[in-house]
Every structure is written in structure tokens, then in C-alpha cells.
Amino acid sequence: MKNMLLSFLLLAVVLAAGCATPARYTAEEIQKYPPAVQEHIKSKEVSLGMTMTQVRYAWGGPDSIRVMEPEDGKERTQWTYKKMFFSKTRLIFTDGKLTEIVSGEPGVAQ
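Residues numbered from 1 in each chain as written. Predicted model: local features only at pLDDT ≥ 70, side-chain atom pairs only at ≥ 80, totals over all residues. Heavy atoms only, no water.

1. A few points about helix 3 (residues 35–42)
Right, on to step 1. All buried positions along helix 3 are accounted for by Val37, Gln38 and Ile41. Looking straight down helix 3, one finds its buried side chains confined to an arc of 100°; they lie on one side.
Right, on to step 2. On the buried face of helix 3, the contacting elements are helix 2 (27–30) and helix 4 (52–59).
Right, on to step 3. Positive backbone phi, at 60°, marks lysine 44, one or two positions downstream of helix 3. (Buried < 20%, exposed > 50% of the residue type's maximum accessible area, 1.4 Å probe, protein only. Helix = DSSP H or I, 4+ residues; strand = E, 2+ residues; numbered from the N terminus. Arc of directions from axis to C-beta. Contact = heavy atoms within 4.5 Å.)

2. A word on the side chain of threonine 94
Right, on to step 1. Structurally, the position occupied by threonine 94 is in strand 3 (residues 87–94).
Right, on to step 2. Polar contacts involving the side chain of threonine 94 include one to the side chain of threonine 99, which spans 2.9 Å.
Right, on to step 3. Setting aside chain neighbours within four positions, we find threonine 94 in contact with Lys74, Glu75, Arg76 and Thr99. (Polar contact = N/O pair within 3.5 Å; in protein donor to acceptor, adjacent residues only side chain to side chain.)

3. Considerations on the sheet that holds strand 1 (residues 64–71)
Right, on to step 1. Read from one edge of the open sheet, four strands run 1-2-3-4, paired in antiparallel fashion. Looking at the sheet topology across the chains shown, the edges are occupied by strand 1 and strand 4 (97–103). The average undirected angle you get between the axes of adjacent strands in this sheet is 25°.
Right, on to step 2. Two strands pair when backbone bridges link them, and strand 1 and strand 2 (residues 74–83) are joined in this way by six bridges, in the antiparallel orientation. Among the inter-strand pairings, valine 67 is bridged to a residue of strand 2, identified as threonine 77. (Pairing = 2+ DSSP bridges. Axes fitted to C-alpha atoms, helices over the stretch in contact; angles between N-to-C directions.)

4. A look at the nonpolar core
Right, on to step 1. Core analysis: the largest hydrophobic core is formed by 16 residues, its most contacted members being Ile41, Val46, Met50, Val55, Leu91 and Leu98.
Right, on to step 2. Breaking this core down by element, the ones donating at least two residues are helix 3, helix 4, strand 2, strand 3 and strand 4.
Right, on to step 3. The element best represented in this core is helix 4, accounting for four residues.
Right, on to step 4. Not counting residues up to four positions away in its chain, the partners in contact with methionine 50 are Val37, His40, Ile41, Glu45, Val55, Ala58, Phe93, Gly96, Lys97 and Leu98. (Core = buried A, V, L, I, M, F, W, Y, C linked by side-chain atoms within 4.5 Å.)

Pasting the structure below:
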């Protein structure tokens, strides 16, 4: 019974850690970006103006993606990242650029 509980806890930790892993990238893939964007990616941070690819490099793929109604003729997409089942951060992209960060998580810039 003790081994089964230990195995379950280990599996839960591995799964939780896997959800937060950013996309892998090479130095060559991000070298064309401005230095500030490169630093955000390396620090696993996102900021307004980043592209979807840049955000994916920094945070990895989202837990869910929703195509939103266009606004002023511009395409809008929402990416949602969940953390430990109780907090989530929504990133809104307009025409492929991050334009809004909505988060209930402390320490995430909005």
C-alpha cells in the first residue's frame, strides 16, 4: 500500500512538472528576436507584444485555445494556462501578437 501511494505521488509530480515545461528552443531560433524578447523567453516570462511562437518558447503550449470573435476586423485568439487546478492565466492575442494578460495568479503581470 505504501509503495502504491508513493508511486501515485511520484506520477502526480511528474505530470504536474510536465505541464509547466516550456517549449524547447535553440539559441539560433531566438537570436533574430530583440534582446528583451530573448531575455523574456530565457526567463520563462511573457510580455505584451510577443508573438504566439515567442510565448510558446517561453511558456510551452497552452492547456486550451479558443478562437474568439474578431474585433475591428482583427483576429483574436485566447490561450489558457492552468496551474494546479485552481488558478489560470488567459493570454489574448490580436492578429498574432499578445495584447492582453488576464490572470488570477499572484505575480503575473497584467
